[in-house]
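Structural overview
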Amino acid sequence: QKMPPSLPATINIQEPRWDQSTFQGRAKHFFMVTDPRNLLLSGATLEEARRVVEDYRAGTVHPGLTEDQLWRAKYIYDSAFHPDTGEKMILVGRMSAQVPMNMTITGCMLTFYRTTPAVLFWQWVNQSFNAVVNYTNRSGDAPITPSQLGTAYVSATAGAVVTALGLKSLTKHLPAIIGRYVPFAAVAAANCINIPLMRQRELKLGIPVTDENGNRLGESTAAAQKAIFQVVVSRIGMAVPAMAIPPVIMNMLEKRAFLKRYPYLNAPLQVGLVGLCLVFATPLCCALFPQKSSMPVSSLEPEVQDEIRKKDPWLETVYFNKGL
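Residues numbered from 1 in each chain as written. Predicted model: local features only at pLDDT ≥ 70, side-chain atom pairs only at ≥ 80, totals over all residues. Heavy atoms only, no water.

1. Considering the pattern of salt bridges
As a working rule, side chains carrying opposite charge can pair if their charged atoms are close by. With the rule as written, the count across this model stands at 8 salt bridges. In this structure, Asp 68 engages Arg 17 in a salt bridge whose closest nitrogen and oxygen atoms are separated by 2.7 Å. Here Asp 68 is found in helix H3 (residues 67–80), whereas its partner Arg 17 is found in the segment before helix H1 (23–33), with 51 residues between them in sequence. For the salt bridge of Arg 37 with Asp 35, the shortest nitrogen-to-oxygen distance reads 2.8 Å. The exposure class assigned to Arg 37 is exposed, which follows from its relative accessible area of 61%. Linked by salt bridges that have partners in common, Glu 47, Arg 50 and Glu 54 make up one network. (Salt bridge = Lys/Arg side-chain N within 4 Å of Asp/Glu carboxyl O. Helix = DSSP H or I, 4+ residues; strand = E, 2+ residues; numbered from the N terminus. Buried < 20%, exposed > 50% of the residue type's maximum accessible area, 1.4 Å probe, protein only.)

2. Structural notes on the domain arrangement of the chain
Interface size, as often reported, equals the accessible area lost upon joining of the parts. By the assigned domains, the chain splits into domain 1 (23–79) and domain 2 (95–321). Its C-alpha centre places domain 1 at a distance of 27 Å from the equivalent point of domain 2. Taken together, the 12 residues of domain 1 in the interface contact 16 residues of domain 2. Counting the surface lost from both domain 1 and domain 2, the interface buries some 1200 Å², and carbon and sulfur atoms represent 75% of this. Here domain 1 and domain 2 share 0 salt bridges between them. Summed over the shared surface of domain 1 and domain 2, the number is 2 residue pairs in polar contact (both at pLDDT 80 or more). Residues that form the side of domain 1 that touches domain 2 fall into these classes: 7 nonpolar, 3 polar and 2 charged. (Domains from an automatic or database assignment. Contact = heavy atoms within 4.5 Å. Buried area = accessible area lost by both parts, 1.4 Å probe. Polar contact = N/O pair within 3.5 Å; in protein donor to acceptor, adjacent residues only side chain to side chain. Nonpolar A, V, L, I, M, F, W, Y, C, P; charged D, E, K, R; others polar.)

3. Considerations on the pairing of strand S1 (residues 207–210)
Bridge count for S1 against strand S2 (residues 216–220) is 4 bridges, and the pairing is antiparallel. The residue bridging Val 209 from the neighbouring strand is Gly 218, located in S2. The loop that links S1 with its antiparallel partner S2 comprises 5 residues; one of these, Gly 214, has a positive phi angle of about 85 degrees. (Pairing = 2+ DSSP bridges.)

Dropping the structure here:
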């Protein structure tokens, strides 16, 4: 029996498998990154994936390893281990936990929106989950301090609760369907507070900007502002289908005899509908903007422009990592 040819050691597994300059390529990448099935993998499977990836990076190719197996191992490895520190990430903070955790929390926020204690509790749960995700996926290059984490957590929770309770009181005399959209407004407001606060160091000191080949040219606060804006838009975009479509369906279903007879099915139905939306919305909204984003040199701060012009007078575009 003929052995399959050995895999070359030249495949660049530092980059995603698909072309990230196209929306389709980014969507394929994020469907793999956010795949909830990765949460079910055993510790032994994760360690085996780590071994395959680390050995391959060191130039050792396991006998019989195929390209598909290598990429599968890479995506398993990325789903569980921090890219900068190499530590195993907290289970609920991993990108693969986004769909199951968000569908449960969002489904409950949409189900229990009528009473003030329920609004307070589920907005607090949601912001606690966001804090865990932000801490788990923190940058190794610019780590988040406990005080930054605490400030962002308290501010985002307060912002979400104030928005939710304020809008709830305003919608008392409006049609029931309007009240169902209060949780979405609260989540959107919290994202607008939480993400800039979590990344305040970048807004003050800037993020690294590079040329096309990854050569570092300096730090820019203008690039940080654009990166954070893109992340806020993506996060709010993720919430739109999950928090906009189920309320319409549930509003219709609650008028039917079936849900009046079995009211306990309200929460499971809501969670299921949210989950169905999030399975697609999460990777597609992560893919809205390239991870390696770009902007014209002319849009940077004057002092950064001067610094870059000294190094390369003809450079027109710089690149930066937008974060997640």
